[in-house]
Amino acid sequence: MITCPKCSKENQDHYKFCLGCGAELPREASPKKFAAGTPPQGVPAVKASFGDESTSVGPGPLPRAAAPAAAPVHSPEPVAFAPVPAVSAAPAVAPSVPPAAGSTIVCGQCQELNPASNKFCALCGFKLAPKAASIPAPAASPAPAAAANGSILLTALRADGTEAGAHTITGTTTIGRDSGSIFAGDSYLSPRHATFTRRGTKAFVRDDNSLNGVYRKLRRDEPVLLQIGDVFRIGQEIVRLESLNPVPATPDGVERLGSPSKGYVGRIAMIIGRDTTGNAFPVPETGLHMGRERGDILFPEDGYVSGLHCQLSYQNGRLFLIDLGSSNGTFVRLYSETEISEGDVLLMGQQLFRIAL
């Protein structure tokens, strides 16, 4: 057993967080890392229905000048490696009743089954919502603002999901740090960052070769087609899909050999600076999962990555990215003009914006 140094409650050896107060338990007192039932080769692929190529967010290869990167020495614009703010506020906790013997609670963050007496998830430390005796009617709250006819309403969202201001766009409008309003205080926006256009009942956004890009949040369990050069973001990790090309010969004609790439469809590389990548991982035909606690590729130090965050799935010769219900979302970078829909969430600079048409 591990005794919590904060509240003195005894916890089982594999627990990472105290069930009484939620404090992190001493790591040195814990034995072998607890595995949450994940098979050695990763969790099984999620069965999803895949549409046609119209589901693609990224239309083509990444432009050389537009890669997100660490701030250059001579550039006035920093590069956004700040955490992605949370999209939704935590739900109100309903009145609780004493738990029945043998009952369990599913963690809303990592889906781990916990005894009903737990206040915090034993796997990820997420605060558990107690079982409710009755669920009162929610207090009336103002509905999200709607855009006027023929316009686009951008509503900025704070980290807790509340609204931080709105900006109405009509016709074709370019926004950025120089356009003032809710954009003026964000130094991670370029002076001219993106252009929004309203054509009839449809709306479009185009990245104007900004330094830090325009990202759209994926909807849960909806596959989005990826192409070579596309960039996506989970937590603080910026990832690019790359092809597996044979290594060319040296200038003096010496051939360089490597391991065969049979059975692999590409690789993903971590972007750590301007035109600079760090670790890279091959993507097999069987696909892979990414997360903080579970999956084939883990980011244990990134608290903004969920326990099981997203999946890369290879189907019928095409590679799809799927968000698996992560807390802070999976975002794909947009390059060419892309249609946006009611309720879409865009990440620009350090801010999240909800779209209303």
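Residues numbered from 1 in each chain as written. Predicted model: local features only at pLDDT ≥ 70, side-chain atom pairs only at ≥ 80, totals over all residues. Heavy atoms only, no water.

Per an unreviewed UniProt entry, the chain goes by Phosphopeptide-binding protein and derives from Chondromyces crocatus.

1. A short note on unusual backbone geometry
The general pattern is negative phi for most residues beyond glycine and trans for most peptide bonds. For Ser 8, which is not glycine, the phi dihedral falls at a positive 70 degrees. Structurally, the position occupied by Ser 8 is in the loop between strand E1 (2-3) and strand E2 (10-11). The phi dihedral of Asn 316 is positive, around 55 degrees, even though this residue is not glycine. Checked against the element boundaries, Asn 316 lands in the loop between strand E18 (310-315) and strand E19 (318-323). (Helix = DSSP H or I, 4+ residues; strand = E, 2+ residues; numbered from the N terminus.)

2. Things to note about the pairing of strand E16 (residues 288-291)
Side-chain alternation along E16 places Leu 288 and Met 290 on one buried face and His 289 and Gly 291 on a second face that is also buried. In this sheet, E18 lies alongside E16 in antiparallel orientation, the contact comprising three bridges. Paired with Leu 288 across the two strands is Leu 312, which belongs to E18. Here E16 runs beside strand E17 (residues 297-298); their pairing, made up of two bridges, is parallel. Pairing of Met 290 across the sheet is with Ile 297, part of E17. (Buried < 20%, exposed > 50% of the residue type's maximum accessible area, 1.4 Å probe, protein only. Pairing = 2+ DSSP bridges.)

3. Focus: the sheet that holds E18
The strand order E11-E19-E18-E16-E17 describes an open sheet built from five strands, whose pairing is mixed. In this open sheet, the two strands that pair with only one neighbour each are strand E11 (224-226) and E17.

4. Digging into the nonpolar core
Grouped together as the largest cluster of nonpolar side chains are 20 residues, with contacts concentrated most on Phe 232, Ile 234, Ile 268, Met 290, Phe 299, Leu 312 and Leu 321. When residues of this core are traced back to their parent elements, those giving at least two are E11, strand E12 (231-234), strand E13 (237-242), strand E14 (264-273), E16, E18 and E19. Residues in contact with Met 290, not counting those within four places in the same chain, are Phe 232, Ile 234, Ile 268, Ile 297, Phe 299, Leu 308, His 309, Cys 310 and Leu 312. Listed in part, the 19 residues of the second largest apolar core include Ala 156, Val 214, Met 348 and Ile 355. (Core = buried A, V, L, I, M, F, W, Y, C linked by side-chain atoms within 4.5 Å. Contact = heavy atoms within 4.5 Å.)

5. Side note on the pattern of salt bridges
By the definition in use, this model includes nine salt bridges. Where Arg 206 meets Asp 208, a salt bridge forms, and the shortest distance between an N and an O atom there is 3.1 Å. Note on Arg 206: relative accessible area 34%, which makes it partly exposed. For Arg 333, the salt bridge is made with Asp 207, and the minimal N-O distance between the two is 3.5 Å. One end of the pair, Arg 333, is in strand E20 (residues 330-334); the other, Asp 207, is in strand E9 (residues 202-207), with 126 residues separating them in the sequence. The exposure classification of Arg 333 matches that of Asp 207, with both residues buried. Shared partners join several salt bridges into a network, and the residues in it are Arg 216, Arg 219 and Asp 344. (Salt bridge = Lys/Arg side-chain N within 4 Å of Asp/Glu carboxyl O.)

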